[in-house]
There are 2 protein chains.
Amino acid sequence: MFSTRGYDAATIRAIAGAADVDPALVHHYFGTKSKLFAAALDFPFDPEDLIGRVLAGGIDGAGERLLRSVFAAWENAASRAPMLAIIRTATTSDAGAAMLREFLDRNVLQRIAVALAPDRARLRAALVASQMAGLLMARYVISLPALANAPVGEIIAAVAPNVQHYLSGDLGQPVTVDVNLTPSH
Amino acid sequence: MFSTRGYDAATIRAIAGAADVDPALVHHYFGTKSKLFAAALDFPFDPEDLIGRVLAGGIDGAGERLLRSVFAAWENAASRAPMLAIIRTATTSDAGAAMLREFLDRNVLQRIAVALAPDRARLRAALVASQMAGLLMARYVISLPALANAPVGEIIAAVAPNVQHYLSGDLGQPVTVDVNLTPSH
């Protein structure tokens, strides 16, 4: 139901209805919709818990803590498989892209944004997501040798300042673009 | 032939043989294998030329110049379509991933690496690629609202220092990872 309707429209009520059970039962066994989503997709960790842990330590060092937590899951092939499956679905179907977009936006990015300074918080969270998605692609999907073979500790050291820049750095003033760039989505 | 054999094994000789023409004819019309690849996949720009232009201005500001060049192509839906098709193929088939990996590694990352300081140059180039791939995914495929709706000039301002950090910044000393992270590819 998440993959055909998208994350938002797949309500716990609708899911319980399709399973012919009481919505309270779904809540009892799975908790929030975010936790149900994580269970349905076999996530090796609960995104809510992970973000909570990363942000609980304050904004200083949150970039490195996020990378440590994510790599701890990704470095195990079985644990990263669900993430790769979602990326695959998102790149090959609009419904898959909508599911990932809505889940990330509602449950991951807004949660990070709330914990950040109000200055362009959602853009900051989305920029962090772009770097994490790119690392996942480059190390595990495309397997660029320099990234696929590098020790995790070396990657974390190189990337942590960049994630931190997105979280709490000065994002600067928009630059003037010289060509007439009009988004055509 | 690129997508079934991969970039490396699809030699100009093999391609010419399959087309029953002299390899010199392929060279005459398309130049290098990299340019033939760009033509076969309908790239809106020649990666060789783009990298040459970005790096010709020296390392200072190369991060922002790269982002400007890439967004100039991506912001046009027709121009970014080939890139998205390659990403799709790479996420859904091993042969597609190999094609993209070999092309990026031989023609893009090594070229950037040669122009950089020898200090971990290929890792730097791969980290740049990870951020660019992540931006492509987040803005155009998953369409995270905060990134999909942001003006290009705002994104370039926020991301340029990070690309520049990968190109010429201090990548730091590897951090110690506390869990036993063994790559299982």
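These numbers come from a predicted model, not from an experiment.

*Asks:* Describe the overall build of chain A, naming the residues involved and giving the relevant values.
*Replies:* Check the secondary structure of chain A and you find eleven helices and zero strands. Written out in order from the N terminus, the α and β elements of chain A read α-α-α-α-α-α-α-α-α-α-α. Across its three principal directions, the C-alpha atoms of chain A cover 55 × 40 × 35 Å. In chain A, of all internal contacts separated by at least 6 residues, the share reaching a separation of at least 24 is 61%. Carbon and sulfur atoms make up 55% of the accessible area of chain A, which amounts to about 7800 Å² in all.

*Asks:* Run through helix 4 (residues 33–40) of chain A, naming residues and quoting values.
*Replies:* Residue and element names in this part refer to chain A. If you check which residues of helix 4 are buried, you get Lys33, Ser34, Leu36, Phe37 and Ala38. Against helix 1 (2–5), helix 2 (12–19), helix 3 (23–30), helix 5 (47–56) and helix 8 (94–115) lie the buried residues of helix 4. One or two steps after helix 4, the chain reaches aspartate 42, where phi turns positive at roughly 60°.

*Asks:* I'd like a rundown of the relation of the copies chain A and chain B, residues and numbers included.
*Replies:* Expressed as a screw transformation, the operator carrying chain A onto chain B has a rotation angle of 180° and an axial translation of 0.0 Å, and the superposed copies differ by an RMSD of 0.0 Å. What the rotation and shift describe, once combined, is the action of a two-fold rotation axis. When C-alpha distances to the rotation axis are compared across chain A, the minimum falls at A:Gly134, with a value of 1.9 Å. An overlap of 100% is found between the interface residues of chain A and their copies at the interface of chain B, pointing to a shared contact surface.

*Asks:* Explain a nonpolar patch on the surface residue by residue, including any values.
*Replies:* A cluster of nonpolar side chains, A:Val21, A:Leu25, A:Tyr29 and A:Phe30, forms an exposed patch at the surface whose accessible area comes to about 390 Å². Along the chain, the position of A:Val21 falls in the loop between helix 2 and helix 3.

*Asks:* Residue-level account of the interface of chain A and chain B, with values.
*Replies:* The accessible area lost on association of the parts is a frequent measure of interface size. Listed as interface residues are 67 residues of chain A and, on the opposing side, 67 residues of chain B. Counting the surface lost from both chain A and chain B, the interface buries some 5400 Å², and carbon and sulfur atoms represent 65% of this. For the pair chain A and chain B, the interface holds two salt bridges. Note that B:Glu154 and A:Arg120 form a salt bridge whose closest N and O atoms lie 2.9 Å from each other. Our count for the chain A to chain B interface comes out at 20 residue pairs in polar contact (both at pLDDT 80 or more). Contributing elements (two or more residues each) for the side of chain A that touches chain B: helix 6 (62–74), helix 7 (77–92), helix 8, helix 9 (121–141), helix 10 (145–148) and helix 11 (152–168) of chain A. Residue contributions to the side of chain A that touches chain B peak at 14 residues, all from helix 9 of chain A. Classifying every residue of the side of chain A that touches chain B gives 39 nonpolar, 16 polar and twelve charged.

*Asks:* An account of helix 2 (residues 12–19) of chain B is requested, with residue identities and associated values reported.
*Replies:* Residues and elements named next belong to chain B. Those residues of helix 2 that sit buried are Ile12, Ile15 and Ala16. Axial view of helix 2: buried residues confined to an arc of 100°, hence all on one face. Within helix 2, the exposed residues directed more than 90 degrees away from the buried face are Arg13, Gly17 and Ala18. The elements touched by buried residues of helix 2 are helix 1 (2–5), helix 3 (23–30) and helix 4 (33–40). The first or second residue beyond helix 2 is aspartate 20, which carries a positive phi of 60°.

*Asks:* Hey, could you go over the confidence of the model for chain A for me, with residue numbers and the actual values?
*Replies:* All names here are of chain A. Averaged over every residue, the pLDDT of chain A is 88; the share at 70 or more is 96%. For chain A, the element scoring lowest by mean pLDDT is helix 1, at 81; helix 11 scores highest, at 97. Under the prediction, the complex receives an ipTM of 0.87, its pTM being 0.88.

*Asks:* How would you sum up the pattern of salt bridges? Please name residues and give values.
*Replies:* Counting across every chain of the model gives 21 salt bridges over all chains. With a closest N to O distance of 2.9 Å, B:Arg139 and B:Glu75 form a salt bridge. One end of the pair, B:Arg139, is in helix 9 (residues 121–141); the other, B:Glu75, is in the loop between helix 6 (62–74) and helix 7 (77–92), and 64 residues separate them in sequence. Beyond isolated ion pairs, a larger network of salt bridges with shared partners links A:Asp8, A:Asp105, A:Arg106 and A:Arg122.

*Asks:* Tell me what's going on with the packing of helix 11 of chain A against helix 11 (residues 152–168) of chain B, and back it up with residues and numbers.
*Replies:* One can describe the packing of helix 11 of chain A onto helix 11 of chain B by two numbers: an axis separation of 10 Å at closest approach and a directional angle of 170°. Put simply, helix 11 of chain A runs roughly antiparallel to helix 11 of chain B. Contact residues: A:Ala158, A:Val159, A:Pro161, A:Asn162, A:His165 and A:Tyr166 in helix 11 of chain A; B:Ala158, B:Val159, B:Pro161, B:Asn162, B:His165 and B:Tyr166 in helix 11 of chain B. Its residues assigned to classes, the contact of helix 11 of chain A with helix 11 of chain B shows eight nonpolar, four polar and no charged.

*Asks:* Which residues make up the environment of A:Val163, and what values go with them?
*Replies:* Residue and element names in this part refer to chain A. Here valine 163 shows up in helix 11. Since its relative accessible area comes to 0%, valine 163 is described here as buried. In this structure, the C-alpha to C-alpha distance between valine 163 and valine 141, residues 22 residues apart in sequence, is 21 Å. Excluding residues that lie within four positions of it along the chain, valine 163 makes contacts with Gly63, Leu66, Leu67, Val128, Gln131 and Met132.

Cut-offs used in this document
- Residues numbered from 1 in each chain as written.
- Chains lettered and ligands numbered in written order.
- Predicted model: local features only at pLDDT ≥ 70, side-chain atom pairs only at ≥ 80, totals over all residues.
- Heavy atoms only, no water.
- Helix = DSSP H or I, 4+ residues; strand = E, 2+ residues; numbered from the N terminus.
- Contact = heavy atoms within 4.5 Å.
- Areas by Shrake-Rupley, 256 points an atom, 1.4 Å probe, with all protein chains shown as cover.
- Buried < 20%, exposed > 50% of the residue type's maximum accessible area, 1.4 Å probe, protein only.
- Least-squares fit on C-alpha atoms with pLDDT ≥ 70 in both.
- Patch = residues over 30% accessible without salt bridge, like charges linked within 9 Å, V, L, I, M, F, W, Y side chains within 5 Å.
- Salt bridge = Lys/Arg side-chain N within 4 Å of Asp/Glu carboxyl O.
- Buried area = accessible area lost by both parts, 1.4 Å probe.
- Polar contact = N/O pair within 3.5 Å; in protein donor to acceptor, adjacent residues only side chain to side chain.
- Nonpolar A, V, L, I, M, F, W, Y, C, P; charged D, E, K, R; others polar.
- Arc of directions from axis to C-beta.
- pLDDT = per-residue confidence, 0-100.
- Axes fitted to C-alpha atoms, helices over the stretch in contact; angles between N-to-C directions.
- Parallel < 35°, antiparallel > 145°, perpendicular 65-115°, else oblique.

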